[in-house]
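Given next are the chains, with one letter for each unit.
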Amino acid sequence: MVKVIALVLFLIFLFLSLIHFYWAFGGKWGTEGVYPTPDDKTPPRNPGMIATVLVAIALFGFGIFYLIKVDILSIQLSPGINKYGLWVLMTIFTLRAIGDFKYIGFFKKIKNTKFGQNDTKYFAPLCLIIGILTLLVAVLT
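Keep in mind the model is a prediction, meaning the values are calculated, not measured.

Reading the values: rules and limits
Residues numbered from 1 in each chain as written. Predicted model: local features only at pLDDT ≥ 70, side-chain atom pairs only at ≥ 80, totals over all residues. Heavy atoms only, no water. Buried < 20%, exposed > 50% of the residue type's maximum accessible area, 1.4 Å probe, protein only. Core = buried A, V, L, I, M, F, W, Y, C linked by side-chain atoms within 4.5 Å. Helix = DSSP H or I, 4+ residues; strand = E, 2+ residues; numbered from the N terminus. Contact = heavy atoms within 4.5 Å. Salt bridge = Lys/Arg side-chain N within 4 Å of Asp/Glu carboxyl O. Phe/Tyr/Trp six-rings, centres within 6.5 Å; stacked < 30°, edge-to-face > 60°. Axes fitted to C-alpha atoms, helices over the stretch in contact; angles between N-to-C directions. Parallel < 35°, antiparallel > 145°, perpendicular 65-115°, else oblique. Left-handed = near helix turned anticlockwise from the far one by under 90°. Nonpolar A, V, L, I, M, F, W, Y, C, P; charged D, E, K, R; others polar. 1 Å grid on protein atoms, 1.4 Å probe; cavity = no way out; pocket = protein on both sides within 12 Å on 5 of 7 lines; lining within 4 Å. Points joined across faces, edges and corners; volume = space filled by probe spheres on them.

K.L.:
Describe unusual backbone geometry, and please don't skip the residues or the numbers.
P.N.:
Within the chain, Asp71 stands out as a residue other than glycine whose phi angle is a positive 65°. Residue Asp71 is classed as exposed on the basis of its relative accessible area of 63%.

K.L.:
Which residues make up the nonpolar core, and what values do they have?
P.N.:
Formed by 25 residues in total, the largest nonpolar core has its most connected members in Leu9, Phe13, Tyr66, Leu86, Phe93, Ile130 and Val137. Of all elements in the fold, only α1 (2-24), α2 (49-69), α3 (79-98) and α4 (114-140) reach the threshold of two or more residues within this core. No other element matches the eight residues that α1 contributes to this core. In this structure, Phe13 is in contact with Leu59, Phe62, Gly63, Tyr66, Phe93 and Ile130, ignoring residues within four places of it in sequence.

K.L.:
Can you explain the pattern of salt bridges? Please cite residues and give values.
P.N.:
Under the definition given, this model contains two salt bridges. The residue Arg96 makes a salt bridge to Asp119 at a minimum N-O spacing of 2.5 Å. Here the residue Arg96 occupies a position in helix α3, and Asp119 occupies one in helix α4, the gap between them amounting to 23 residues. Judged by its relative accessible area of 0%, Asp119 falls in the buried class. One salt bridge connects Asp119 with Lys108, and the closest N-O pair in it is separated by 3.0 Å. Taken together, the residues span a long stretch of sequence, with Asp119 in helix α4 and Lys108 in the loop between α3 and α4 at a distance of eleven residues. As far as burial versus exposure is concerned, Asp119 and Lys108 are alike and both buried. Look at the salt bridges and you will find they share partners, linking Arg96, Lys108 and Asp119 into a network.

K.L.:
Could you give an account of the packing of aromatic side chains, naming the residues involved and the relevant values?
P.N.:
Two aromatic rings, taken as a pair, are described by how far apart their centres are and by the angle between their planes. In total, this model carries eight aromatic pairs according to the counting rule given. Measuring from ring centre to ring centre gives 6.4 Å for Phe65 and Tyr66, while their planes differ by 65°; the resulting arrangement is edge-to-face. Considered together, Phe65 and Tyr66 belong to a single accessibility category, that of buried residues. Among the aromatic residues, ring-to-ring pairing joins Phe13, Phe62, Phe65, Tyr66 and Phe93 into one connected group.

K.L.:
Can you tell me about the packing of α3 against α4, naming the residues and giving the values?
P.N.:
The N-to-C vectors of α3 and α4 enclose an angle of 155°; their axes lie 8 Å apart at closest approach. By the criterion of interaxial angle, the relationship of α3 to α4 is roughly antiparallel. As α3 packs across α4, the resulting crossing turns out to be left-handed. Here the residues of the contact of α3 with α4 are counted per class, giving 16 nonpolar, three polar and two charged.

K.L.:
Account for the layout of surface pockets, naming residues and giving values.
P.N.:
Looking at the largest pocket, its volume works out to about 920 Å³. Lining of the largest pocket is provided by 29 residues; of these, Leu16, His20, Trp23, Val34 and Phe123 occupy positions nearest its centre. When contributions to the lining of the largest pocket are tallied by element, the ones reaching two or more residues are α1, α2, α3 and α4. When residues in the lining of the largest pocket are grouped by element, the largest group, seven residues, is from α4. Each residue belonging to the lining of the largest pocket can be placed in one class, and the counts come to 23 nonpolar, four polar and two charged. Here the second largest pocket is characterised by a volume of approximately 240 Å³. Taken together, Trp23, Ala24, Gly26, Gly27, Lys28, Thr31, Tyr35, Asn46, Gly48, Met49 and Thr52 make up the lining of the second largest pocket.

That is the geometry; function is a separate question.
In structure tokens:
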């Protein structure tokens, strides 16, 4: 069961990573409403190619980490990452789901922007699901 959960998490992170690589190299599909803004009239800040590639690499690394933790991949990790990595990921994604109480998360105040609507429907629930599934992997391994 835990290997299936880890594989699902890997596939989620692989998909997210590939989308970020696509965006980094000029892709436009799916870019509307992915950056928080105070209103729909304010243009979003584009994070740029380097930042987007770094996010893509990090997301892919997160996915690989789950495969390592359930012994699908055999790669030696440092003791700290091996011991606390899942808890760190669970915390990051759970906090992202909760949000900053202004632009992102379930408890945001600015909800009527394109990003706010996407965050409520897709981004925050996905982060919560990732947090819960990560907790399951942590407890079951």
